[in-house]
Amino acid sequence: MNADSPTDAIIVTHNLTKDYVMGAETVHALAGVDVEIKRNEYVAIMGPSGSGKSTFMNMIGCLDSPSGGEYVLNGQPVQDLDDDELARIRNREIGFVFQTFNLLPRATALHNVELPLIYAGVSSKERHRKAAEALGIVQLGDRMDHKPNELSGGQRQRVAIARALVNDPSILLADEPTGNLDSNTSDEIMEVFENLHKQGQTIIMVTHEFDIAAHAQRIITLVDGKVSSHDAEIPHHILVPASRTVEATTPAVPLDPTISSPILPGEAV
Amino acid sequence: MHFWEGIRLSLQQIWAQKLKSFFSLLGIIIGITFLIAVITMVEGMDRYVKEDFAGSLFGVNTFTVIRRQQVTTGRTDEAERRRQRRNRELRMHDVEVVLEAAAGARNIAYSASSGGEVRYGQNSRRNIRIIGGSADYEAVQGWKVETGRGLTAIDDKQALQVAVIGSVIAERLFPTTSPLDKRIRANGYRFRVVGVLETQGGFTGNIRDASILIPFSSFQRTVAERRQEVDQIQVKVNEAEEMAPLMVSVEGALRRDRRLRPGEPNDFHLQTSNDLLSAWETINKILLIALPALVGISLVVGGIVIMNIMLLSVSDRTREIGLRKSLGAKRKDILFQFLTEASTLSIVGAILGIGAGFGLAKLVELFSPLPASLSVGAILSAVVLGLGVGIASGFYPAYRASKLDPIEALRSE
Ligand SMILES: Nc1ncnc2c1ncn2[C@@H]1O[C@H](COP(=O)(O)OP(=O)(O)OP(=O)(O)O)[C@@H](O)[C@H]1O
Ligand SMILES: [Mg+2]
């Protein structure tokens with residue numbers, strides 16, 4: 001996963017659009033989005049409600065198909081692929097973390113994590129090994145046999161992250177992964193993402209909260225279905241609330257934003 | 001493979017809602033119960049009729065000359081029955097004709113019988129059969145003697161008042177002592193017991209086990225009270241192929257002897273176990289035609305119920321389908337998952353049906369002489385039918401599930 005050339009573009013979109021036709025009205029959920037995301041980048045996507053963040057994520061995750069424009073994933077144009085090829089990409093290239101976890105309620109954590117491996121055709125022994133390993137990464141090695149209703153919200157989201165990781169995807173997509181969690185648990189989850197990023201994982205994350213976005217290297221802001229800024233730098237005023245959160249969970253760290261914020265712009269792995 | 005996984009999950013779901021599953025599967029269960037119960041009973045009856053009933057009544061490889069037809073197949077009309085009632089009774093003279101015409105047969109026996117009662121001291125039994133049989137009677141009937149001896153040609157020639165008695169009678173008259181050499185009274189006439197027949201048991205055995213066999217000549221002198229009639233003349237051959245030519249020869253000889261003109265019907269009847277078997281075949285055919293209709297209707301109903309359940313399950317689990325697709329499930333994976341579920345459901349129904357059907361047949365066995373024989377073929381056809389219903393009724397719901405758009409499915413509800 002640690003690519004030799006970290007400047008490789010893994011995602012390139014050009015004039016990506018998505019229209020929803022609602023009777024006589026047409027909603028331009030995406031109105032021409034041009035984005036380039038490099039391997040090993042950690043990007044936050046922000047913007048007001050209804051600005052098209054989820055729509056964009058669904059396009060990137062090949063869950064939905066664009067109305068127009070181009071999307072190149074790992075050098076492969078995606079917009080013309082058929083159902084089965086898209087399924088393959090969702091399975092191998094993309095790990096998706098949802099706001100609402102989306103775990104199978106009757107299945108154990110282990111089985112939930114095994115799902116993508118099932119569709120990848122991995123043998124059951126290997127599936128078990130890989131799923132257990134992924135749960136180990138998110139520190140749930142001791143909760144493998146628990147069902148979702150026997151886990152806390154944060155634990156559920158960590159199971160979902162393990163599931164997203166288990167097939168070694170090229171990108172990890174997360175649409176408001178902490179939206180349903182309290183702030184302490186959110187920090188826990190953000191730490192997981194940070195560790196993954198340190199190990200070379202490309203991450204794209206939608207969030208409403210600046211302190212969450214502050215963990216990322218770069219923020220893309222969407223407004224009305226268009227990119228309004230590609231900030232390579234995270235503005236200082238965003239960093240302040242972020243440092244406060246971190247300080248709250250790690251009181252030993254001195255109250256200095258530049259030290260307590262673990263990731264700073266341009267400080268790629 | 002996620003095949004086993006699918007089966008395991010469906011079973012879990014069925015188990016989690018046992019009562020609901022049971023009612024949903026009722027159609028299939030009833031259909032398969034029908035199928036198994038009827039096939040099991042028909043097969044049991046078939047074996048019973050062919051091996052046991054027909055054989056013990058008429059003997060294997062045996063044909064019988066009688067005055068008129070006993071078993072009718074429903075094809076014999078009333079006029080024919082009336083005509084046969086005028087048939088001449090059989091006499092010793094006919095026996096001689098048959099003996100000559102069927103000289104190549106293995107055994108020829110003739111007999112007459114009458115109802116009656118036996119008595120020994122204080123012990124007695126009513127409603128028994130007293131059979132007067134010629135020397136070969138036991139051999140033709142396939143009867144075996146348990147203790148003592150059977151009847152011989154000398155017994156018959158000298159019209160000795162000796163008897164071989166059935167096991168039920170032996171038990172009744174001689175609960176503590178040996179019956180051999182004891183003098184019993186049958187319809188008032190004295191007979192010396194020389195042998196006891198092996199117990200046959202079962203439905204047809206009731207007749208034999210409660211019979212006494214005496215020499216034909218003694219029968220005519222005593223129990224028959226000067227009645228001259230011979231009830232039946234039985235001819236037994238070694239191989240089935242020998243039957244037809246011998247029957248032709250016996251028929252011809254009797255017709256010549258009775259001076260019947262060509263074209264005139266026989267005034268006697270030649271009976272083989274075929275009469276009974278063909279009557280049975282008719283019943284059998286009707287059952288086997290009616291059965292698929294009954295089973296078909298219940299299975300169609302069962303299939304519709306399963307289709308409904310699967311449609312409900314697909315709409316209940318739209319989110320799950322969306323999730324699976326978002327994790328990389330292809331259309332065929334989803335199709336397969338729901339087909340597996342529908343098939344598992346219907347196979348469980350089929351298995352319950354097999355159990356219930358066999359139970360039903362066993363119950364019938366308990367209260368009737370019909371043996372319940374569950375054949376591999378019946379089980380196989382039940383399972384195949386169950387699977388067929390599952391796939392047929394699961395296909396449309398599964399197809400709908402597989403066509404769902406991942407993001408719309410995920411967003412649902
Ligand atoms: N299935 C749909 N049918 C019609 N319109 C839709 C559909 N999905 C999204 N939209 C519209 O597209 C626009 C973008 O929606 P989207 O969900 O991407 O917003 P968002 O940025 O994720 O908002 P939020 O922050 O509230 O999650 C909205 O105006 C929304 O109403
Ligand atoms: Mg959204």
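Notes on the structure follow. One numbering rule holds for all chains: residues counted from 1, following each sequence as written. Whichever chain is written first becomes A and whichever ligand is written first becomes 1, with later ones labelled in order. In view of the model being predicted, local features appear only for residues whose pLDDT reaches at least 70, and side-chain atom pairs are presented and counted only at 80 or more, with totals across whole chains, interfaces and linings using the full set of residues. Each side-chain value is worked out from all heavy atoms of the structure, with water and hydrogens disregarded.

1. Quick notes on the site of ligand 1
Then, in step 1: Any residue with a non-hydrogen atom lying within 4 Å of a molecule or strand is treated as near it. Around ligand 1 lies a shell of 15 residues, among which Ser49, Gly50, Lys53, Ser54 and Thr55 of chain A are the nearest.
Then, in step 2: Chains contributing residues to the immediate surroundings of ligand 1 are chains A and B.
Then, in step 3: We define a polar contact as two N or O atoms separated by no more than 3.5 Å, with the added condition that, inside protein, one atom must be a possible hydrogen donor and the other a possible acceptor, whereas residues neighbouring each other in sequence contribute only through side-chain atom pairs. Here an oxygen atom of ligand 1 sits 3.3 Å away from a polar atom, N or O, in the main chain of Ser51 of chain A.
Then, in step 4: Within the backbone of Gly52 of chain A, an N or O atom sits 3.0 Å from an oxygen atom of ligand 1.

2. A closer look at the sheet that holds strand S1 (residues 9-22) of chain A
All names here are of chain A.
Then, in step 1: Pairing between strands requires that DSSP locate at least two bridges from one strand to the other. To qualify as a helix, a DSSP run of H or I must reach at least 4 residues; to qualify as a strand, a run of E must reach at least 2; elements of each kind are numbered from the N terminus. An order of S2-S1-S4-S5 is seen for the four strands of this open sheet, with the pairing classed as antiparallel. Each having just a single partner strand, strand S2 (25-38) and strand S5 (76-77) make up the two edges of the open sheet.
Then, in step 2: Sheet analysis places strand S4 (residues 68-73) next to S5, joined by two bridges and oriented antiparallel. Residue Val72 lies in a different strand from S5, and its bridge partner there is Pro77.
Then, in step 3: Set on the sheet, helix H1 (residues 53-60) makes contact with S1, S2 and S4; between it and S1 the angle comes to about 125°. When checking whether two residues touch, look at their non-hydrogen atoms; a contact exists if any pair is within 4.5 Å. Axes here refer to lines fitted to C-alpha atoms; in helices the fit is confined to the stretch in contact. Angles between the N-to-C directions go from 0 to 180 degrees.

3. Side note on the packing of aromatic side chains
Then, in step 1: Under the pairing criterion, centres of Phe, Tyr and Trp rings, with the six-membered ring standing for Trp, must be within 6.5 Å; the plane angle then separates stacked pairs below 30 degrees from edge-to-face pairs above 60, leaving the rest tilted. The tally for this structure, following the rule as stated, stands at six aromatic pairs over all chains.
Then, in step 2: A ring pair is formed by Phe96 of chain A and Phe98 of chain A, whose centres lie 4.9 Å apart and whose planes are at 20°; its orientation type is stacked.
Then, in step 3: What makes Phe96 of chain A buried here is its relative accessible area of 4%.
Then, in step 4: Consider the rings of Tyr120 of chain B and Phe174 of chain B, whose centres lie 4.5 Å apart with planes at 45°: the pair is tilted. Residue Tyr120 of chain B is found in strand S2 (residues 107-120), and its partner Phe174 of chain B is found in the loop between helix H8 (167-173) and strand S6 (183-186); the two are separated by 54 residues along the sequence.
Then, in step 5: Only protein chains enter the accessibility calculation, which uses a 1.4 Å probe; a residue whose area is less than 20% of its type maximum is buried, one above 50% is exposed, and one in between is partly exposed. Overall, the relative accessible area of 26% leaves Tyr120 of chain B in the partly exposed class.
Then, in step 6: Owing to a relative accessible area of 5%, Phe174 of chain B belongs among the buried residues under this scheme.
Then, in step 7: The rule is short: NZ of Lys or CZ of Arg within 6 Å of the ring centre and within 35 degrees of the ring normal puts a charge over the ring. Over the ring of Trp15 of chain B we find Lys18 of chain B; its NZ or CZ atom is 4.1 Å from the centre of that ring.

4. Structural notes on the packing of helix H14 (residues 331-367) of chain B against helix H15 (residues 376-403) of chain B
All names here are of chain B.
Then, in step 1: The N-to-C vectors of H14 and H15 enclose an angle of 150°; their axes lie 7 Å apart at closest approach. Judged by the angle between their axes, H14 and H15 are roughly antiparallel. Judged by the twist between their axes, the crossing of H14 over H15 is right-handed.
Then, in step 2: A breakdown of the residues in the contact of H14 with H15 according to their chemical character gives 17 nonpolar, six polar and two charged. Oblique is the label for any angle not covered by the other classes, which are roughly parallel (under 35 degrees), roughly antiparallel (over 145) and roughly perpendicular (65 to 115). Each crossing gets its handedness from the near helix: less than a right angle anticlockwise from the far helix is left-handed, clockwise is right-handed. Residues are grouped as follows: Ala, Val, Leu, Ile, Met, Phe, Trp, Tyr, Cys and Pro are nonpolar; Asp, Glu, Lys and Arg are charged; all remaining types, including Gly, are polar.

5. Thoughts on the nonpolar core
Then, in step 1: Remark: nonpolar core denotes a set of buried residues (Ala, Val, Leu, Ile, Met, Phe, Trp, Tyr, Cys) joined through side-chain atoms within 4.5 Å. Residues Ile11, Phe56, Tyr71 and Ile171 of chain A together with Ile32 of chain B are the most contacted members of the largest nonpolar core, which totals 75 residues.
Then, in step 2: Other than its neighbours up to four places away in sequence, Ile32 of chain B contacts Leu299, Ala350, Gly353, Ile354, Ala382 and Leu385 of chain B.
Then, in step 3: Val95, Ala102, Ile184 and Leu254 of chain B belong to the second-largest nonpolar core, a separate cluster that totals 44 residues.

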